[in-house]
Structures are given as structure tokens and as C-alpha cells.
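The primary structure of each chain is shown beneath.
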Amino acid sequence: MHTKELPIGVFDSGIGGLTVVRQIRNILPNEEIFYLGDTARVPYGTKSQETVIRFACEDAQFLIEKGVKAVVVACNTASAWSLPVLSKRFGLPICGVIQPGAEAALISSRSKRVGVIGTAATVRSKAYKSALRDRLGKVQVFAQACPLLVPLAEAGWFMHPVTLKVLEEYLMPLVIEQIDTLILGCTHYPLLKRAIRKVLKQIAPHPIQLIDSAESCAVHVRRRLTELDLLSTSSAIGPIHPFVTDEPSRFCRMSRQFLGFPVPAPELVQLKESRG
């Protein structure tokens, strides 16, 4: 098979990365996609840096052995800590969600006061702060860990009063810092975008732009594949092949709310241990 027609590989610690798959499908509908959700070891956001890097290498190795032409790290925690290792270890394009989100935020922000919400590990890594300041040293970055948002999103409580109250608690410290742009630094958070907008409208004295890291990542993937002349030339809608390391039935139940369209039942797989 010509390299252009090989699939794109996407992995995440669970099912949140399906929001990235959804955005890739929106702008690259003819690309075939292999999606790996490491549901046996979710979440990555509570793990150490060393563990996340090891898991990410195993995820990428699985997809590469399936014959993908590029790997998308659809996990903010894994992007924050493993991208340099993956890029060095594997000889094909590796794309993450941190850099594209940072670039989009700097374009959006007039005041250069940018907020970031994410898992504890993503916030602890300071990856968004580093990515933003590498591009513009004078930018001010305010980060907030939001550990309750992933379970609320997975429960489908997108506009539940509890979700709105939790968001108010998480977002108020960022509003006080007078941010004008907010990066959604977790792939689950696009599901809560409407609730986030509602709360910000209620508590912020001025409009705050939202940066969807899944959407920014998909745009980056298209640009990277275009630069490398790797875009599919197929005129057919590309199929999506899901794989999980545990609980395939749960993936079946939840995938549609993340994607907005049905996909085949996932194949249950076991990952090989990473070679050091």
C-alpha cells in the first residue's frame, strides 16, 4: 500500500481522545484512523512521568506495528511528558495536543493572559506554560487542575447543576486573574464546552475565548501531513478501527457521545511491554 493510504494512529489513556478523532474526521474525512484507548490503565493524569512515558511508548508501538503513517498523542498528559521520547524513538510523524493548543491560544489572546484547565498531571508538568512562553516570553499563564471534570463528562452530566457548580469553583480563580483566553487542556473537556461557556458568561466581566485542544490538534495534523505529502488521495470516507485494553462494552456505550456517530465495536488487545 502507498504510504499516503496508510491509516493515522491515535491513542489516549481512555476514550477522551475520541474528541480528537472526531475533529480529525471533520477536517480529514477520507483518512482511515486506528484508535487505541488504553482503558486498562486509565487515567494517565494521576501517574508519574516515568510511568506515562512507558505507557505512551507501548501505545505508540502498538499502532506502529499496525502500519500507521503517523501517530497522534490524543492525551494531554502523554503529550506533556512523552512527546520528545516518542519523536526520538519512532521514525514517523508524532503529533501531540499541547503545541497546537498553545499556538491557537497566542493567536486568540489580546492581553496575553491565558488560562489552562487540565488534569493534575498536565498542570503539574507545566507543559502549556512552557509551550506558550517558548513562543512569547511575556505571556502570563494561569493553570487550574480540574480532577472532577473527567468523571462528570463520562457520566454525561454535561449541563447538570453539579457540573455547573464545580466549573464555577474551578474557573473563578482564572477569571480573577483576568484571562481573556482559556485552553481546554484535556480531551474530555470539549464535551463540557457549552457548560464552560455558560459559567464564564455568568462570572466573567468580559468575554473569554475557548481553545479546544482537540480541534487545534486536528488542524495541526492536517498541516503536518500536507507538508510531508502524506494526505490520503482516497475519495471514500475513511473507516475508524477502535482498539481497547479493557472494557470494550463500556467503549461501545460511550463512544457515540464522544464522536457523534457510531463506530464498530472495539477489538480487545494486550500491549507489549516497552523496550527500554
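This text follows the structure it describes.
If you're wondering where the values come from, they're calculated on a predicted model, not measured in any experiment.

### Some thoughts on the overall build of the protein chain
The number of helices and strands found in the protein chain is 11 helices and 10 strands. Radius of gyration (C-alpha) of the protein chain: 18 Å, near the 19 Å computed for a compact globule of 276 residues. Dimensions of the protein chain along its principal axes, counting C-alpha atoms only, are 55 × 40 × 40 Å. Looking at the protein chain residue by residue over its 276 residues, the buried ones come to 57%. When the accessible surface of the protein chain is split by element, carbon and sulfur atoms take 52% of a total near 12200 Å². Between the centroid of the 33 positive side chains of the protein chain and the centroid of its 24 negative side chains there is a distance of 5 Å.

### What to know about the sheet that holds strand β9 (residues 240-244)
Ordered by their spatial adjacency, six strands build an open sheet running β4-β3-β1-β2-β9-β10, and the pairing between neighbours is parallel. Across the chains shown, the open sheet's two edge strands, defined by having one partner strand only, are β4 (94-95) and β10 (267-268). With four bridges connecting them, strand β1 (residues 8-12) and strand β3 (residues 70-73) associate as parallel partners. From the neighbouring strand, Gly 9 faces β3, where its bridge partner is Val 71.

### A look at the layout of surface pockets
The computed volume of the largest pocket comes to approximately 400 Å³. Together, 26 residues line the largest pocket, and Pro 43, Tyr 44, Gly 45, Thr 119 and Val 150 are the ones closest to its centre. At the level of elements, α3 (76-89), α5 (120-125) and α7 (149-154) are the ones that each hand at least two residues to the lining of the largest pocket.

### Observations concerning the packing of aromatic side chains
Given two aromatic rings, one states the distance between the centres and the angle between the planes to describe the pair. By the definition in use, this model includes four aromatic pairs. Pairing Phe 34 with Phe 243 gives two aromatic rings, centres 5.7 Å apart and planes at 65 degrees, and the pair type is edge-to-face. Remark: Phe 243 occurs in strand β9 and Phe 34 occurs in strand β2 (residues 33-37); sequence separation between them is 209 residues. The burial state of Phe 34 is the same as that of Phe 243; both residues are buried. Positioned above the aromatic ring of Phe 55 is the side chain of Arg 41, whose terminal nitrogen or guanidinium carbon lies 3.7 Å from the ring centre.

### Describing helix α10 (residues 213-227)
With 15 residues, α10 should cover 21 Å at 1.5 Å per step; its first-to-last C-alpha distance of 21 Å lies within 8% of that length. A side-chain oxygen of the first residue of α10 lies 2.9 Å from the backbone nitrogen of Ala 214; this N-cap is Asp 212. Once α10 finishes, Asp 229 follows within two positions and takes phi at roughly 55 degrees, a positive value.

### Focus on the pattern of salt bridges
Where charged atoms of side chains with opposite charge meet at close range, the side chains can pair. One pass over the structure, following the stated rule, counts 13 salt bridges. Residues participating in the shared-partner salt-bridge network are Asp 38, Arg 41, Arg 54, Glu 58 and Asp 59.

About the criteria used
- Residues numbered from 1 in each chain as written.
- Predicted model: local features only at pLDDT ≥ 70, side-chain atom pairs only at ≥ 80, totals over all residues.
- Heavy atoms only, no water.
- Helix = DSSP H or I, 4+ residues; strand = E, 2+ residues; numbered from the N terminus.
- Rg over C-alpha atoms; globule rule 2.2 N^0.38 Å.
- Buried < 20%, exposed > 50% of the residue type's maximum accessible area, 1.4 Å probe, protein only.
- Areas by Shrake-Rupley, 256 points an atom, 1.4 Å probe, with all protein chains shown as cover.
- Lys, Arg positive; Asp, Glu negative; His and termini not counted.
- Charge placed at Lys NZ, Arg CZ, Asp CG, Glu CD.
- Pairing = 2+ DSSP bridges.
- 1 Å grid on protein atoms, 1.4 Å probe; cavity = no way out; pocket = protein on both sides within 12 Å on 5 of 7 lines; lining within 4 Å.
- Points joined across faces, edges and corners; volume = space filled by probe spheres on them.
- Phe/Tyr/Trp six-rings, centres within 6.5 Å; stacked < 30°, edge-to-face > 60°.
- Lys NZ or Arg CZ within 6 Å of the ring centre and 35° of its normal.
- Expected span 1.5 Å × (residues − 1).
- Polar contact = N/O pair within 3.5 Å; in protein donor to acceptor, adjacent residues only side chain to side chain.
- Salt bridge = Lys/Arg side-chain N within 4 Å of Asp/Glu carboxyl O.

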